[in-house]
Amino acid sequence: MKPLRLIFAGTPDFAVPCLAALLDAGHEVIGVYTQPDRPAGRGRRLQMSPVKTLALDRGLAVYQPERLKDDPEAIEQLRKLGADLMVVVAYGLRLPSAVLEAPRLGCVNVHASLLPRWRGAAPIQRAILAGDTETGVCIMRMEAGLDTGPVFHRIATPIERHETGGTLHDRLAELGARALLEALPTIVAGSPAPEPQDETQATYAHKLSKDEARIDWNTPAEAIERQVRAFNPWPVAQTTLEGATLRIWTAEAEGDASDSLPPGTVIGADRTGIRVATGSGTLRITCLQPAGKRPMSAADYLNARQLDGARLD
């Protein structure tokens with residue numbers, strides 16, 4: 001296959017392996033679209049996106065429009081690039097029809113789920129929260145609907161027992177780059193045709209919110225464990241002890257509590273973890289973060305205080 005003239009649109013770390021893979025495969029990336037620099041950190045200094053950082057390192061032209069919808073100048077600028085194909089990976093802006101139709105071969109998206117399951121903004125975390133045993137990546141043709149386009153190629157992978165949102169994110173980012181390169185010959189050839197999605201099987205992965213990070217100890221231990229894993233590294237599951245926030249980084253569901261204590265009660269604490277009664281079963285906390293401090297093991301935390309009989313809210 002001859003090298004393609006590509007526009008790449010992406011913003012976060014998840015998109016970086018795909019851009020790197022296209023460049024390393026010899027394709028000509030004639031323009032990179034990414035979100036405008038945003039204030040970040042305590043100093044609120046403007047920070048480039050990970051995709052922009054890589055693009056500048058590779059000497060690529062970077063475009064950062066605030067929006068593409070209702071911006072005729074930005075759309076005309078993109079059209080004039082004369083791309084064969086536009087590859088979109090977690091860009092963060094909705095693309096109007098004029099953009100979807102501008103490249104000769106249209107636009108394709110790298111999505112971190114096995115579509116039609118988990119369309120939307122947070123497919124990685126939603127898969128863990130739901131207790132899915134499998135996920136993957138799809139390469140789909142983009143159309144006006146949100147993640148509704150037909151699928152050219154998909155690769156499935158199991159969700160490991162102790163996998164977090166962060167570790168699964170990193171695995172799927174690399175898998176997405178592989179799937180993209182494997183799909184390009186089919187996209188260029190136009191055969192076989194991409195597979196339409198089954199609308200009756202569609203689910204939606206809503207954007208994560210900090211409110212969801214609050215642990216409800218009345219829920220079963222297995223559900224809380226999935227919450228802890230899914231929200232690591234953001235927004236991080238949390239509870240309170242004596243009015244102070246405790247962020248829970250790692251935890252494991254265990255069998256039924258030996259005592260019929262109210263959910264949230266600490267029923268045991270030693271170097272192996274802090275055991276908390278839940279609505280069903282026990283959660284063993286192994287890594288936590290008190291307010292104003294760094295994450296630490298349960299053993300280190302217990303060096304400073306005792307928790308037997310304490311109540312987490």
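In this report, the structure presented in the accompanying data block is examined. No experiment lies behind these values; they were computed from the predicted model shown. (Residues numbered from 1 in each chain as written. Predicted model: local features only at pLDDT ≥ 70, side-chain atom pairs only at ≥ 80, totals over all residues. Heavy atoms only, no water.)

1. Examining the environment of valine 87
Argument step 1. Looking at where valine 87 falls in the secondary structure, it is placed in strand β6 (residues 85-89).
Argument step 2. Counting along the chain gives 54 residues from valine 87 to arginine 141, while the straight-line C-alpha distance between them is 9.7 Å.
Argument step 3. The residues touching valine 87, leaving out its near neighbours within four places in the chain, are Ile7, Phe8, Ala9, Leu22, Val108 and Leu180. (Helix = DSSP H or I, 4+ residues; strand = E, 2+ residues; numbered from the N terminus. Contact = heavy atoms within 4.5 Å.)

2. Remarks on the sheet that holds strand β1 (residues 5-10)
Strand pairing within a sheet occurs via backbone hydrogen bonds; the two strands may be parallel or antiparallel.
Argument step 1. Strand order in this open sheet of seven strands is β5-β2-β1-β6-β7-β9-β10, and the pairing throughout is mixed. The sheet is open, and its two borders are formed by β5 (62-63) and β10 (151-158), each paired with just one other strand.
Argument step 2. Pairing of strand β9 (residues 134-141) with β10, which is carried by seven bridges, proceeds in the antiparallel orientation. From the neighbouring strand, isoleucine 139 faces β10, where its bridge partner is histidine 153.
Argument step 3. With respect to the sheet, helix α3 (residues 72-80) is in contact with β1, β2 (28-33), β5 and β6, its orientation differing from that of β2 by roughly 170 degrees. (Pairing = 2+ DSSP bridges. Axes fitted to C-alpha atoms, helices over the stretch in contact; angles between N-to-C directions.)

3. Comments concerning helix α6 (residues 165-189)
Argument step 1. Counted at 1.5 Å a residue, the expected span for α6 with its 25 residues is 36 Å, and the 35 Å between its end C-alpha atoms agrees.
Argument step 2. Glycine 190, located one to two residues past α6, shows a positive phi value of around 75 degrees. (Expected span 1.5 Å × (residues − 1).)

4. Comments concerning the pattern of salt bridges
Argument step 1. Applying the stated rule across the entire model yields 18 salt bridges.
Argument step 2. Arginine 126 is the partner of glutamate 212 in a salt bridge, and the nearest nitrogen-oxygen pair spans 2.8 Å. Linking glutamate 212 in the loop between β11 (204-205) and α7 (221-230) with arginine 126 in helix α5 (residues 123-129), this pair joins segments that are 86 residues apart in sequence.
Argument step 3. Its relative accessible area of 28% is what places glutamate 212 among the partly exposed residues.
Argument step 4. A relative accessible area of 11% places arginine 126 in the buried class.
Argument step 5. The partner of glutamate 225 in a salt bridge is arginine 229, and the shortest N-O contact between them spans 3.3 Å. (Salt bridge = Lys/Arg side-chain N within 4 Å of Asp/Glu carboxyl O. Buried < 20%, exposed > 50% of the residue type's maximum accessible area, 1.4 Å probe, protein only.)

5. Things to note about the nonpolar core
Argument step 1. Ranked by size, the top nonpolar core spans 49 residues in total, and within it Phe8 and Leu19 carry the most contacts.
Argument step 2. Looking at this core element by element, the count peaks at ten residues for α6.
Argument step 3. With 22 residues, the next largest nonpolar core counts Ala237, Leu241, Ile248 and Leu288 among its residues. (Core = buried A, V, L, I, M, F, W, Y, C linked by side-chain atoms within 4.5 Å.)

6. Examining helix α2 (residues 50-57)
Argument step 1. Looking at α2, one finds that the buried residues are Val51, Lys52, Leu54 and Ala55. Each buried residue of α2 lies within a common arc of 165 degrees when the element is viewed along its axis, so the set occupies one face.
Argument step 2. Considering only its buried residues, α2 is in contact with β1, α1 (16-24), β2 and β5.
Argument step 3. Directly beyond the C-terminal end of α2, a positive phi value near 75 degrees is found at glycine 59. (Arc of directions from axis to C-beta.)

7. Regarding the packing of aromatic side chains
Geometrically, a pair of aromatic rings is defined through the distance of the ring centres and the angle of the planes.
Argument step 1. Considering all chains together, one arrives at one aromatic pair under this definition.
Argument step 2. Centre to centre, the rings of tyrosine 33 and tyrosine 63 are 5.0 Å apart; their planes meet at 20 degrees, and the pair counts as stacked. With a gap of 30 residues between them, tyrosine 33 in strand β2 and tyrosine 63 in strand β5 connect regions that are remote in the sequence. Assigned by exposure class, tyrosine 33 and tyrosine 63 land together as buried. (Phe/Tyr/Trp six-rings, centres within 6.5 Å; stacked < 30°, edge-to-face > 60°.)

Geometric values such as these leave the question of function open.
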